[in-house]
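The chain contents come next:
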Amino acid sequence: MREEKCRNVPVGFVSFPSTPTQPIHLQRIHNKRAQLPILVTTQRRSNRKPIVVSTVQSVPSIYQATDERISNTSEWKALEEHAKNVISKTHLRDLVNDDKRSEKLWAEFDGCILDYSRQRVIPETMKLLFALARKAKLEEKKEAMFRGYKINVTEDRSVLHTALRAPKGTQLYIDGVDIVDEVWQVLEKIRTFSDRVRNGQHVGVTGRPIKNFIAIGIGGSYLGPEFLHEALRTEKVASAAAGDRVLRFLSNVDPVDVKRATDKLNPEETMAIVVSKTFTTRETSINAKTIKDWLIYHLGDSAETIKKHVVACSTNLDKVVKFGIAPENMFPFWDWVGGRYSVCSAVGALPISLQYSFDVFERFLKGAHSMDTHFRYAPLEGNLPVLLGLLGVWNMSFLNYNARAIHPYSEALLRFPAHIQQLDMESNGKHVNIFGEVVDYPVGEIDFGEPGTNGQHSFFQLLHMGQVVPCDFIGFIESQNPVCEEGEPVSNHDELMANFFAQPDALAFGKTADEVRQEGKPEWLIPHMVFTGNRPSSCLLMPVLDAYVTGQLLALYEHRTAVQGFIWEINSFDQFGVELGKVLANKVRKQLNESRYFNKKISGFNHSTTKLLNRYMEGSVGCAFEHVFHYEDE
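Read on for a plain summary of the structure. All of these numbers come straight from a predicted model, not from anything done at the bench.

### Digging into the overall build of the protein chain
Thinking step 1. When its secondary structure is counted, the protein chain shows 23 helices and 18 strands.
Thinking step 2. Counting all 634 residues of the protein chain, 54% fall into the buried class.
Thinking step 3. Put simply, 75% of the contacts in the protein chain that link residues at least 6 apart link residues at least 24 apart.
Thinking step 4. As displayed, the protein chain has an accessible area near 28,800 Å², and 51% of this comes from carbon and sulfur atoms.

### Overview of the sheet that holds strand β6 (residues 106-109)
Thinking step 1. Reading across from one edge, β6-β7-β18-β17-β15-β16 is the order of the 6 strands in this open sheet, with mixed pairing throughout. Across the chains shown, the open sheet's two edge strands, defined by having one partner strand only, are β6 and β16 (446-449). Going from strand to strand, the sheet's axes swing by 15° on average, the running direction of each strand aside.
Thinking step 2. By the bridge criterion, 6 bridges tie strand β17 (residues 471-476) to strand β18 (residues 537-542) in an arrangement that is parallel. Bridge pairing in β18 places glycine 475 opposite leucine 541.
Thinking step 3. Its contacts with the sheet put helix α18 (residues 492-509) on β17 and β18, and the angle it makes with β17 is roughly 155°.

### Re the side chain of asparagine 152
Thinking step 1. If you trace the backbone, asparagine 152 turns up in the loop between α5 (138-147) and β8 (171-174).
Thinking step 2. The class of asparagine 152 is buried, set by a relative accessible area of 3%.
Thinking step 3. Reaching out from asparagine 152, the side chain makes a polar contact with the backbone oxygen of phenylalanine 573 at a distance of 3.1 Å.
Thinking step 4. Other than its neighbours up to four places away in sequence, asparagine 152 contacts Arg157, Val159, Asn571, Phe573 and Asp574.

### Considering the pairing of strand β10 (residues 212-216)
Thinking step 1. For β10, a buried count of 5 out of 5 residues is recorded, marking the element as mostly surrounded by other parts of the structure.
Thinking step 2. Covered by surrounding structure in β10 are Asn212, Ile214 and Ile216 together with Phe213 and Ala215, the residues of both alternating faces.
Thinking step 3. When β10 meets strand β11 (residues 246-250), the two strands line up parallel, connected through 5 bridges. Paired with alanine 215 across the strands is phenylalanine 249, a residue of β11.
Thinking step 4. With 5 bridges connecting them, β10 and strand β12 (residues 270-275) associate as parallel partners. By the bridge assignment for β12, asparagine 212 is matched with threonine 270.

### So, the packing of helix α16 (residues 416-428) against helix α21 (residues 547-568)
Thinking step 1. It is the contact of α16 with α21, at a shortest axis distance of 10 Å, that shows an interaxial angle of 20°. Our classification of the angle between α16 and α21 gives roughly parallel. Crossing handedness for the pair α16 and α21: right-handed. Residues Phe416, His419, Ile420, Leu423, Asp424, Ser427 and Asn428 of α16 lie in contact with α21, whose contacting residues are Leu553, Leu554, Tyr557, Glu558, Arg560, Thr561, Gln564, Gly565 and Trp568.
Thinking step 2. Grouping the constituent residues of the contact of α16 with α21 by class yields 7 nonpolar, 6 polar and 3 charged.

### Examining the packing of aromatic side chains
Thinking step 1. Scanning the entire structure with this criterion turns up 22 aromatic pairs.
Thinking step 2. For the pair phenylalanine 358 and phenylalanine 361, a centre-to-centre distance of 6.4 Å together with 45° between the ring planes defines the contact as tilted. Here phenylalanine 358 and its partner phenylalanine 361 are both found in helix α14 (residues 358-377), 3 residues apart, which amounts to about one turn of the helix.
Thinking step 3. Look at phenylalanine 361 and you get buried, because its relative accessible area is 0%.
Thinking step 4. In this structure an aromatic cluster arises from ring pairing among Tyr409, Phe448, Phe459, Phe460, Phe473, Phe500 and Phe501.
Thinking step 5. Over the ring of phenylalanine 331 we find lysine 189, and its NZ or CZ is 4.9 Å from the ring centre.
Thinking step 6. One Lys or Arg, lysine 590, reaches over the ring of tyrosine 631 and ends 5.6 Å from the middle of that ring.

### Observations concerning the sheet that holds β10
Thinking step 1. Read across the open sheet, the 5 strands follow the order β11-β10-β12-β13-β14; overall the sheet is parallel. Strand pairing shows two members of the sheet lacking a second neighbour, β11 and β14 (330-331), which therefore form its edges.
Thinking step 2. Note: β12 against strand β13 (residues 310-313), 4 bridges, orientation parallel. Across the sheet, the residue bridging to valine 274 is alanine 312, located in β13.
Thinking step 3. Against the sheet, helix α13 (residues 346-356) contacts β10, β11, β12, β13 and β14, and its axis sits at roughly 170° relative to β12.

### Quick word on the packing of α5 against α21
Thinking step 1. Viewed as axis vectors pointing N to C, α5 and α21 meet at an angle of 125°, and their least axial separation amounts to 10 Å. Classed by the angle they form, the pair α5 and α21 counts as oblique. In the crossing of α5 with α21, the sense of the turn from one axis to the other is right-handed. On α21, the residues that touch Leu138, Lys141, Lys142, Met145 and Phe146 of α5 are His559, Val563, Phe566 and Ile567.

### Structural notes on the pattern of salt bridges
Thinking step 1. Summed over the entire model, instances satisfying the criterion amount to 35 salt bridges.
Thinking step 2. Notably, a salt bridge pairs aspartate 505 with arginine 118, separated by 2.8 Å at the nearest N-O pair. With aspartate 505 in helix α18 and arginine 118 in the loop between β7 (112-115) and α4 (123-135), this pair connects stretches of sequence that are 387 residues apart.
Thinking step 3. For aspartate 472, the salt bridge is made with arginine 560, and the minimal N-O distance between the two is 3.8 Å. One end of the pair, aspartate 472, is in strand β17; the other, arginine 560, is in helix α21, with 88 residues separating them in the sequence.

### Some words on helix α9 (residues 255-262)
Thinking step 1. Along α9, the residues that are buried comprise Asp257, Val258, Ala261 and Thr262. Projected down its long axis, α9 shows its buried positions confined to an angular sector of 120°, all on one face. Projecting away from the buried face of α9 at angles above 90 degrees are the exposed residues Lys259 and Arg260.
Thinking step 2. Lining the buried residues of α9 we find β10, β11 and α10 (282-299).
Thinking step 3. In this structure aspartate 254 caps α9, since a side-chain oxygen of it lies 2.9 Å from the backbone nitrogen of valine 256.
Thinking step 4. Positioned one or two residues after α9, lysine 264 has a phi angle of 65°, which is positive.

Conventions used here
- Residues numbered from 1 in each chain as written.
- Predicted model: local features only at pLDDT ≥ 70, side-chain atom pairs only at ≥ 80, totals over all residues.
- Heavy atoms only, no water.
- Helix = DSSP H or I, 4+ residues; strand = E, 2+ residues; numbered from the N terminus.
- Buried < 20%, exposed > 50% of the residue type's maximum accessible area, 1.4 Å probe, protein only.
- Contact = heavy atoms within 4.5 Å.
- Areas by Shrake-Rupley, 256 points an atom, 1.4 Å probe, with all protein chains shown as cover.
- Pairing = 2+ DSSP bridges.
- Axes fitted to C-alpha atoms, helices over the stretch in contact; angles between N-to-C directions.
- Polar contact = N/O pair within 3.5 Å; in protein donor to acceptor, adjacent residues only side chain to side chain.
- Parallel < 35°, antiparallel > 145°, perpendicular 65-115°, else oblique.
- Left-handed = near helix turned anticlockwise from the far one by under 90°.
- Nonpolar A, V, L, I, M, F, W, Y, C, P; charged D, E, K, R; others polar.
- Phe/Tyr/Trp six-rings, centres within 6.5 Å; stacked < 30°, edge-to-face > 60°.
- Lys NZ or Arg CZ within 6 Å of the ring centre and 35° of its normal.
- Salt bridge = Lys/Arg side-chain N within 4 Å of Asp/Glu carboxyl O.
- Arc of directions from axis to C-beta.

By themselves, these are just geometric observations and shouldn't be taken as functional.
Below is the structure:
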């Protein structure tokens, strides 16, 4: 057993509370389903009061203003020299064959295995990266995140998606409010509501049970819940809990998406879940109105129709009520939850609990909390999110690889790459550091991916023979749906996993000209068949994709993204880059309204956009509104 006490640890110019709490005991993890001790709980002993993790004061930043930026430190310079003078002279063909080296580049926690021996690193590289992490105050920064300091300095907000999966009974105070208690109040409300819908106590306006759900949202209000839904669809426990229920997502304002979301659904048995923090997002607002009209058209224009068939995840009670949704059917979340980190909030809890039950969703939360605990307390050298994050920094900033491909060898994770694409690119796609200075080193990879083996028949040609793209391979020891075919040498899952094990080696080793020549190929063809190899990848091997492991996987990648941002000294928790296009779209929308319905000439745009708008107007028609909207009437 290892004893940890809260200490007075400096974080920039901010100090944690100096009053010690009771000791927190963390047991070592020995098996894939080890039960993690609850960090702070009312259930430890009945005669103890809950331990307060921290009482957070409002603070401007955890970063101390100094003249030395991370790229000017000796630790950064040492890595640049190491990349140039050592790693550039190595090949993975030789590195991977060094058994002692490979044995050191391996870590595991709670059933999750990370093999990073096919990365272009040696043990000395990792020592230098750990030194960089300590110079960047990684330990202090992640602890400040868990304790609720306002590390999102541009928006003056805490970053507390980890609190969304904290065990019930944990206490964490933000501005005098126990936010974990608030989280669990919402979760218990979702548990009660979803149970009532699932057991037939809450029925539609015609008395029929609700069994179809349309979740309306965009960005983080859609990608995270959809990834989770797809991960659970074919999982044994979740699938049994779902029965004949249907969950669909409506995100794109394209009316085709509405058609697909409602196709073959019976409105009498359908509930819409509107997910919008402010209830003002244009795409979500329009789609919500469209689904509302679809319900009214089929079920009648009554308050009961909306009360029975529409619910909301939002913080804007006035707009929710104005829309016609009953106040008791609104499920809130908080400004310390960024959209791309919100799947563990009501944003994911409500649709997933309605479809699969709250018990399944709670198991997902427990998996995420398992990885949270590991990330917070494990030493850097064996910390899975830290290792992935540091390898990302190494590949991007020192080896100059500007993309990363994610290959989950499970069809159930088909939407996971899209979620990570938003999570990582919206978080770390920045051009200035936390101090507002232009970064002088590469940050923010381009993320893409497809499930294996589909990706192999799509873009692996480039991965093997084109530009170098570091890869993450994600595989599972057991399949969600085991299948064996007589006459085949192995099971279907073994066939899949044979590719999982082969592809990283193919990328690392490649094939030399001599090896091609030994196959009897003509000389003129040999250059076309050489694989240069030396292409880095990591392998994640996990037990089976159930709700718990899905939570672990989500938290692992969330924290990996944060680690990279902490090292790069950028703010991974704002997203101002999504705003400019929206502002310009408002101008275009106004112009389309005025030109289509009030015959105003298109003006105020550059020549190219004007020409495109004119051609669009010439070839398209608008709607025959009964009451045409006029901006002058606003």
